[in-house]
Amino acid sequence: KAKERGGNKYEFYQSALDGIHRNKIKLERSLRKALEREEFVLYYQPQVSAADGTAGGAEALIRWVHDGRFVSPGDFIPVAEETGLIVPIGDWVMRTACRQAKLWQDAGMPQMKMGINVSPVQLQQDDFVETVTRILSETGFQPHLLVLEITEGIAIRDIQDTVDKLVALKAMGIRISMDDFGTGYSSLGFLQTFKVDELKIAQTFISHIAEKDDHAQIVKAIVAMAHSLELDVIAEGVETREQFAIMRELQCDWIQGYYFCKPMPSEEFERYLDERGRKHLQSTRL
Ligand code: C2E
Ligand code: MG
Ligand code: MG
Ligand code: MG
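What counts and how
- Residues numbered from 1 in each chain as written.
- Chains lettered and ligands numbered in written order.
- Predicted model: local features only at pLDDT ≥ 70, side-chain atom pairs only at ≥ 80, totals over all residues.
- Heavy atoms only, no water.
- Phe/Tyr/Trp six-rings, centres within 6.5 Å; stacked < 30°, edge-to-face > 60°.
- Helix = DSSP H or I, 4+ residues; strand = E, 2+ residues; numbered from the N terminus.
- Buried < 20%, exposed > 50% of the residue type's maximum accessible area, 1.4 Å probe, protein only.
- pLDDT = per-residue confidence, 0-100.
- Contact = heavy atoms within 4.5 Å.

Within an unreviewed UniProt entry, the label attached to the chain reads EAL domain-containing protein, and the organism entered is Cohnella suwonensis.

A. View of the packing of aromatic side chains. Counting across every chain of the model gives 13 aromatic pairs. For the pair Phe40 and Trp92, a centre-to-centre distance of 6.1 Å together with 45° between the ring planes defines the contact as tilted. Of the two residues, Phe40 sits in strand β1 (residues 40-49) while Trp92 sits in helix α3 (residues 86-106), which places them 52 residues apart along the sequence. Given the relative accessible area of 7%, Phe40 is considered buried. Trp92 gets classed as partly exposed once you look at its relative accessible area, which sits at 23%. Site record: aromatic cluster; members linked through ring pairs are Phe40, Trp64, Phe76 and Trp92.

B. Focus on the confidence of the model for the chain. In this model, the chain carries a mean pLDDT of 88, and residues with pLDDT of at least 70 account for 87%. This stretch, residues 1-7, has a pLDDT under 50; its non-local contacts, to residues over four places away or in other chains, come to zero contacts. Counting contacts from residues 278-286, a segment whose pLDDT is below 50, to residues more than four positions away or on other chains yields 17 contacts. In the predicted complex, the global pTM is 0.91; the interface-specific ipTM is 0.98.

C. Up close: unusual backbone geometry. Even without being a glycine, Glu38 presents a positive backbone phi close to 55°. Considering the arrangement of structural elements, one finds Glu38 in the loop between α1 (2-34) and β1. For Glu38, a relative accessible area of 68% corresponds to the exposed category. A positive phi angle, near 60°, is found at Glu230, a position not held by glycine. In this structure, Glu230 sits in the loop between α9 (213-228) and β8 (232-236). Owing to a relative accessible area of 72%, Glu230 belongs among the exposed residues under this scheme.

Here you go:
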């Protein structure tokens, strides 16, 4: 009997694994077709100045509409990275976001920055710098308004090669942002090695900042350090008025989060800039 149960258990486990395997293969197959089927769309989330409440930039966040459902980037980006599909997908993201940003720029927002998430796998490509250069010239978007968000994952391969590429990009005027800052293990050395212009404090610090004093102390220290290195600081994942007020008090430069708004499709983002931009201006005058 016990053997029987064991057998069943084993079978159950096996078929669950098969399911995961099947799903992953299915996911990969669908992902391969997603670009040509135009199933990707970019959402944009404003980055709001803590000082005056104006939107100084946006982060582009990819969405995949597959079989009528949204697949979260957290679920498909890792597969895209494993399969190398992140390279063509990442090119599409960059071209689309730069084209959009150029339109907004021409429509009367001359200083709006555009933040784009760059996977370590993209940075490892020999032609990454050429790709960015080509996309900028194709779209006419200014390099000094382009912000590339990188993570500590970029150090998994050849560090010198990565540094060389970032130096080349920075020489063009492109800004480098350290995403999810504080979640990795070698954060301080990274800022120096990769000569970033901006750091985004990870949401984990922000979400407990109102309850846990040690989080506030850490954030305070991060901001002080960043400013002494002349880096801009963005808080991501700010959801409440209280978190916003604390981050502002701690001299954080930019705020991004549901407190202002969720990532939105481009038309909605435009309406937001038209209608709500002014309201934010008022609500930030605490
Ligand atoms: P990330 O770059 O750290 O982006 C911030 C994430 O936090 C986004 O999730 C955003 O929707 C979410 N967020 C913003 N404000 C709040 C808030 O107030 N509360 C909460 N709970 N969440 C908030 P999303 O869009 O699901 O993206 C997840 C991750 O997927 C991103 O993290 C980024 O690492 C990756 N990703 C997204 N788009 C791209 C892309 O185009 N290329 C690459 N390589 N990665 C991307
Ligand atoms: Mg990001
Ligand atoms: Mg982040
Ligand atoms: Mg993240």
